[in-house]
Amino acid sequence: MELWFTEKHTESVKFSIQVDKQLYSSQSEFQRIDIFDSKEFGIFLTLDGYMMLTQKDEFIYHEMMVHVPMSVHPNVKKALVIGGGDGGTVRELVRYPEIEHIDLVEIDAEVVSACRKYLRQTACGFDDARVHIYYEDGLKFVRKFSDEYDLILVDSTDPFGPGEGLFTKEFYGNCYKALKADGIMVNQHESPFYPNDATAMQRAHKRIVESFPISRVYQAHIPTYPSGHWLFGFASKKYHPLDDCDAEGWKKRGLRTGYYNVQLHKGAFALPNYVEEMLEQVEKKP
Ligand code: SAM
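Residue numbering note: each chain is counted from 1, following its sequence as written. Only residues with pLDDT of at least 70 are given local features in this predicted model, and only at 80 or more are side-chain atom pairs given and counted; all residues enter the totals for whole chains, interfaces and linings. Side-chain measures were taken over the full set of non-hydrogen atoms in the model, leaving aside hydrogen atoms and water.

### Examining the site of the ligand
Alright, step 1. To be near a molecule or strand, a residue needs just one of its heavy atoms within 4 Å of it. Around the ligand sit 25 residues, and of these Q31, E106, D137, G138 and Y225 come closest.
Alright, step 2. As used in this structure description, the phrase polar contact means that two N or O atoms lie within 3.5 Å; if the pair is within protein, one of them must be able to donate a hydrogen and the other to accept it, and residues adjacent in sequence are counted only when both atoms belong to side chains. Contact between the ligand and G138: a nitrogen atom at 2.8 Å from a main-chain N or O atom of the residue.
Alright, step 3. Backbone polar atom of S156 to an oxygen atom of the ligand: 3.4 Å apart, as the coordinates give it.
Alright, step 4. Of the residues contributing to the shell around the ligand, the split by class is 10 nonpolar, nine polar and six charged. Classes in brief: Ala, Val, Leu, Ile, Met, Phe, Trp, Tyr, Cys and Pro nonpolar; Asp, Glu, Lys and Arg charged; the others, Gly included, polar.

### Quick look at the packing of helix α7 (residues 195–211) against helix α10 (residues 273–284)
Alright, step 1. The axes used here are C-alpha line fits, helices contributing only the stretch in contact, and every angle between their N-to-C directions lies in the interval 0 to 180 degrees. Here a strand is any run of E in DSSP of at least two residues, a helix any run of H or I of at least four, and the numbering for each starts at the N terminus. Orientation of α7 relative to α10, taken along the N-to-C sense of each, is 45°, at an axis distance of 9 Å. Regarding the angle of α7 to α10, the classification is oblique. By crossing handedness, the relation of α7 to α10 is classed as right-handed. Touching A198, M201, Q202, H205, K206 and V209 of α7 are M278, L279, Q281, V282 and E283, all from α10. An angle below 35 degrees is treated as roughly parallel, one above 145 as roughly antiparallel, one from 65 to 115 as roughly perpendicular, and anything else as oblique. Take the far helix as the reference: if the near one is turned anticlockwise from it by less than a right angle, the crossing is left-handed, and if turned clockwise, right-handed. Should any heavy atoms of two residues lie within 4.5 Å, those residues are counted as being in contact.

### Looking at the pairing of strand β12 (residues 229–236)
Remember that side chains alternate between the two faces of the sheet whenever the strand is regular.
Alright, step 1. The buried count for β12 comes to eight of eight residues, which makes it a mostly enclosed element.
Alright, step 2. Residues H229, L231, G233 and A235 of β12 are buried on one face, and the alternating residues W230, F232, F234 and S236, pointing to the opposite face, are buried as well.
Alright, step 3. Pairing of strand β10 (residues 179–188) with β12 involves five bridges; the strand directions are antiparallel. Of the residues in β12, the one forming a bridge with N187 is G233.
Alright, step 4. For two strands to be treated as a pair, DSSP must find at least two bridges joining them. Pairing geometry for strand β11 (residues 214–221) and β12, over eight bridges, is antiparallel. If you follow A220 over to β12, its bridge partner there is W230. Remark: exposure states derive from per-residue accessible area (1.4 Å probe, protein chains only) relative to the maximum for the residue type, with buried under 20%, exposed over 50%, and partly exposed in between.

Here it is as structure tokens:
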């Protein structure tokens, strides 16, 4: 007997992974949560049938979300992670000793408890004394703050279901307000490849450009996400992602990484022409 997880990437494209065993399945208040084990990708988490992470390629997403802004901002003391209930982003953040305080705002407590049990690889940073977990809607949480955080990482699901509010103009405006005068926001920016994903990516980009003075996009190859070509948004009040990157300082830290390095940091901001054109289209629109 063969058991397969299949995600529809478009109406006519499917992505499948052969499953050894289903480890967990639950319908929470917010979404369906499933955890599977597989030969090729190890343990993987899906929400409402959409791939969130696999043990084999999660390092790419989490390293690119955290180390890119951390090599640019010279003094991150207080960070906010919105979403990210699997813990991968927090795991990378706690590697920086200068960070004094990390708030994680996850809407669904069941994602955190399931990952604590079945995905220790990502959930291993939750018990660090600097980490404070709030089970709330990130959209509402961030409204409460002004001039509070050095870094905000939006590690959300896609722009539908519970994650929808995390792609709105109101949300990006409130992140701007919650950041200090030299704060940085990084968000998962969807994929440019399939038309529906590209439209969502352009919509998010337009809203971020309208909210932040510096807004650049960078890319990574994440095999289990639709098309494998994934984007991140770098939005900033002061620091430029390339001009202000302290490559030597970051190298001196001696952090072992599987994907990120400071040469790749530079390269990740060099986008294919078709992606640049998509971004320019919405940057120019009134
Ligand atoms: N790396 C993943 C991806 O892009 O596919 C995202 C992973 S992480 C599991 C996303 C988390 O965001 C989920 O656990 C989900 O519950 C949480 N989330 C969705 N909407 C949210 C909201 N409005 N506020 C806070 N967390 C939210």
